[in-house]
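As a plain string of letters, each chain reads:
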Amino acid sequence: MLKIENYIGGELVTPASGEYLDNFEPGTGDVYSLIPDSDDRDVNLAADAARAAFPAWSSTSPEARFEILMRLVGLIERDLEDLARAESIDNGKPISLARAVDIPRAVANFRFYATAAMHLSNESYDTVRPDGGRAINYTLRHPIGVAGCISPWNLPLYLFTWKIAPAIAAGCTVVAKPSEVTPMTAFMLSKLCIEAELPPGVLNIVHGTGPKVGSAIVAHKDVAAISFTGGTKTGEEIARIAAPMLKKLSLELGGKNPNIIFADCNYEEMLATTVRSSFSNQGEICLCGSRIFVERPLYERFKSDFVARVSALKVGDPLDSATDVGAIVSKQHFDKIMSYIELAKQEGGTILCGGHSIDLSAEMPIEAETRPVGSVPLGAPTPHSALRNPHSNGWYIQPTVIEGLSHDCRTNLEEIFGPVVTIMPFDTEDEVIGYANSVRYGLSATLWTENLSRAHRMAAALESGIVWINCWLLRDLRTPFGGVKDSGVGREGGFEALRFFTEEKNVCIKI
Ligand code: NAD
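Residues numbered from 1 in each chain as written. Predicted model: local features only at pLDDT ≥ 70, side-chain atom pairs only at ≥ 80, totals over all residues. Heavy atoms only, no water.

Draft legend 1. View of the overall build of the protein chain. When its secondary structure is counted, the protein chain shows 15 helices and 25 strands. Scaling as 2.2 N^0.38, a compact globule of 511 residues should have a C-alpha radius of gyration of about 24 Å, and the protein chain matches this with 24 Å. For the C-alpha atoms alone, the extent of the protein chain along its principal axes is close to 70 × 65 × 40 Å. When each of the 511 residues of the protein chain is scored for burial, the buried share is 59%. Side-chain charges in the protein chain split into 47 positive and 63 negative, and the spacing between the mean points of these groups amounts to 5 Å. (Helix = DSSP H or I, 4+ residues; strand = E, 2+ residues; numbered from the N terminus. Rg over C-alpha atoms; globule rule 2.2 N^0.38 Å. Buried < 20%, exposed > 50% of the residue type's maximum accessible area, 1.4 Å probe, protein only. Lys, Arg positive; Asp, Glu negative; His and termini not counted. Charge placed at Lys NZ, Arg CZ, Asp CG, Glu CD.)

See below:
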């Protein structure tokens, strides 16, 4: 069985405990590799390595960092297919999505920040004194030190690199933890860092659980800043530890995003995009629109077309290129989503399609299973015995559309984070703004209308960090990314992220 290793001080190392956790393949429900069950001893080693590497790395020129990060870009591009395959196996996402979105985005993250660091400029102010004399104020920006980066399982390499790339590009050294649910591509990245000759200690990756590894990173005295993406409850726990230590914090948390559709929208584009914004990555994207509000004159037409399109989505083997919807990431998350479907029924909802799990073995013939697991270069032996159906224990849920619920029932207030959406009619702008803003979250909102004034009015009124108008997930890495209310604190993206990983100093010179 393949054993994932920590990456500390430039080397792949076993955890101090010598213990490993099972890593499951969602498509089959089988254990297919082992994850280090690391603890504070491993985090201490990683923090020591990061602290030791900091003086040299923080004094390298942005050009030198650019060269190294671009070597990494080349290696990720070279291994794109292996990484996409590994991501699909580890997370359950369709391989087509991993190929088109996840791994290319990891490339884009490193490329963006490798170049951005060369363009980060500091402010200077020409100050006129009360006596008519002058002064010059200028800002120096120093890398903050050792940064802690903690990421979730839904977009594993994509979000892991979204944090690591700006931290390293800014001159920080890093102790990072990927989700224990999807550790594989972070492990593969650590091998690529060795190949790219990233100086030892600049990036350290410690695998393991949140309570043992994540909280040890947050509580470590030498970790100056924490960049976290994950659930709101975890974010609160991190803030509880980090705030009294006066650490800098960036928290990207949960969401319950509204998708608001007016009758004057470009119908075909809205329909196709709404299928995507509801069910991409099994609905396990923080930006997915899970509450769909439809202006009443369009409601019945939308309902029937949407349900027809959703029912036609192919739920299948994540490694099959024709699959639209893959497996749910874990048994625990599968159970949570199924419990919300039950709750929706109890709350009076009508299931228009889906609403149940799927046993793919009924649809697939039993055959000899020979496909390799992990990535091909890892050379992992296949865990599947021959002559058994590889998918029979996978965690699959039919995409689910529910109507008949009020905007303020639990199904519509709590984050489900799966292939489940609700649809609701509305009559007026004010009414739908009230519905949209009635949740504790405020990450993103989608709006479909051809009325320009209404689009601007609504964009200003929606309580969310991001508003997509007549589009969804159209990303520009320069824009501020993050949520309001319980969806987070701070913004990632663009120069904002580079600034987060630096400490500012103002210098005032009297002339
Ligand atoms: P999670 O909060 O359970 O875990 C996220 C990470 O935090 C994991 O690496 C986990 O091991 C670690 N962790 C857990 N407990 C910890 C602790 N006490 N201290 C430190 N680290 C700890 O989230 P998840 O289930 O992996 O991811 C799903 C959640 O992430 C959803 O709520 C989703 O909305 C959110 N998310 C948000 C964004 C965003 O940009 N706002 C993006 C993706 C996912």
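Draft legend 2. Expanded view of the layout of surface pockets. In this model, the second largest pocket occupies a volume close to 430 Å³. Forming the boundary of the second largest pocket are 23 residues, of which Leu97, Val101, Arg276, Ser280 and Asn281 lie nearest the centre. Counting residues per element, the ones that place at least two in the lining of the second largest pocket are helix H4 (95-116) and helix H9 (267-279). Counting residues per element, the lining of the second largest pocket draws most heavily on H4, at five residues. Per-class residue counts for the lining of the second largest pocket are 13 nonpolar, four polar and six charged. Mapped onto the domain boundaries, the lining of the second largest pocket takes at least three residues apiece from domain 1 (7-253 + 488-510) and domain 2 (257-476). (1 Å grid on protein atoms, 1.4 Å probe; cavity = no way out; pocket = protein on both sides within 12 Å on 5 of 7 lines; lining within 4 Å. Points joined across faces, edges and corners; volume = space filled by probe spheres on them. Nonpolar A, V, L, I, M, F, W, Y, C, P; charged D, E, K, R; others polar. Domains from an automatic or database assignment.)

Draft legend 3. Main features of helix H7 (residues 210-219). The set of residues buried in H7 consists of Val213, Gly214, Ala216, Ile217 and Val218. Those residues of H7 that are buried lie in contact with helix H1 (40-58), strand S8 (146-150), strand S9 (173-177), strand S11 (223-229) and helix H8 (232-242). The residue sitting at the N-terminus of H7 and contributing the capping side-chain oxygen is Thr209; that oxygen lies 3.3 Å from the backbone nitrogen of Lys212. (Contact = heavy atoms within 4.5 Å. Polar contact = N/O pair within 3.5 Å; in protein donor to acceptor, adjacent residues only side chain to side chain.)

Draft legend 4. Quick peek at a nonpolar patch on the surface. Together, Ile136, Ile509 and Ile511 give the surface a local cluster of nonpolar side chains, amounting to about 270 Å² of exposed area. Given a relative accessible area of 34%, Ile136 falls into the partly exposed group. (Patch = residues over 30% accessible without salt bridge, like charges linked within 9 Å, V, L, I, M, F, W, Y side chains within 5 Å. Areas by Shrake-Rupley, 256 points an atom, 1.4 Å probe, with all protein chains shown as cover. Salt bridge = Lys/Arg side-chain N within 4 Å of Asp/Glu carboxyl O.)

Draft legend 5. Expanded view of the sheet that holds strand S5 (residues 30-36). With mixed pairing, the three strands of this open sheet are ordered in space as S1-S5-S4. The sheet terminates laterally at strand S1 (2-3) and strand S4 (20-25), the two strands that pair on one side only. Pairing between S4 and S5: six bridges, direction antiparallel. Bridge pairing in S5 places Phe24 opposite Val31. (Pairing = 2+ DSSP bridges.)

Draft legend 6. Representation of unusual backbone geometry. You will see that Leu246, though not glycine, has its phi angle at about 55°, which is positive. Relative to the helices and strands, Leu246 resides in the loop between H8 and strand S12 (248-252). The class of Leu246 is exposed, set by a relative accessible area of 75%.

Draft legend 7. Focus on empty space enclosed by the protein. For the structure on display, the rule yields four cavities of 30 Å³ or more. Here the largest cavity is characterised by a volume of approximately 120 Å³. Taken together, 16 residues line the largest cavity, and the ones lying closest to its centre are Gly283, Ile285, Cys288, Ser290 and Phe417. Looking at the lining of the largest cavity, the elements with two or more residues in it are strand S14 (289-295) and strand S19 (420-426). Taken together, the residues of the lining of the largest cavity break down into seven nonpolar, seven polar and two charged.

Draft legend 8. Broad picture of the packing of helix H5 (residues 156-169) against helix H6 (residues 184-195). It is the contact of H5 with H6, at a shortest axis distance of 8 Å, that shows an interaxial angle of 55°. Taken as axis vectors, H5 and H6 run oblique relative to one another. Between H5 and H6 the crossing geometry is right-handed. Residue-level contacts link Pro156, Leu157, Phe160 and Thr161 of H5 to Thr185, Ala186 and Leu189 of H6. A class-by-class count of the residues in the contact of H5 with H6 yields five nonpolar, two polar and no charged. (Axes fitted to C-alpha atoms, helices over the stretch in contact; angles between N-to-C directions. Parallel < 35°, antiparallel > 145°, perpendicular 65-115°, else oblique. Left-handed = near helix turned anticlockwise from the far one by under 90°.)

Draft legend 9. Here's a closer look at the site of the ligand. The ligand sits among 29 residues. The nearest are Lys177, Glu180, Thr234, Leu253 and Glu415. Residue Ser151 places a main-chain N or O atom 2.8 Å away from an oxygen atom belonging to the ligand. Taking Trp153, its side chain carries an N or O atom lying 2.8 Å from an oxygen atom of the ligand. Coverage of the ligand by the protein chains reaches 88% of its 840 Å² of free accessible surface. Counting only elements with at least two residues in the shell around the ligand, the list comes to H7, S11 and H8. There are two domains that each give the shell around the ligand at least three residues, and those are domain 1 (7-253 + 488-510) and domain 2 (257-476). (Near = heavy atom within 4 Å.)

Draft legend 10. Quick look at the sheet that holds S14. Spatial ordering of the open sheet is given by S15-S18-S19-S14-S13-S21-S22, a layout of seven strands whose pairing is mixed. Unpaired on one side and paired on the other, strand S15 (350-353) and strand S22 (466-469) mark the two borders of the sheet. Between one strand axis and the next, the sheet turns through 25° on average, direction left out of account. Sheet topology note: the strand S21 (residues 444-448)/S22 ladder contains four bridges and is parallel. Each bridged residue has a counterpart across the sheet, and for Thr446 the counterpart in S22 is Trp468.

What is shown is where atoms sit, not what they do.
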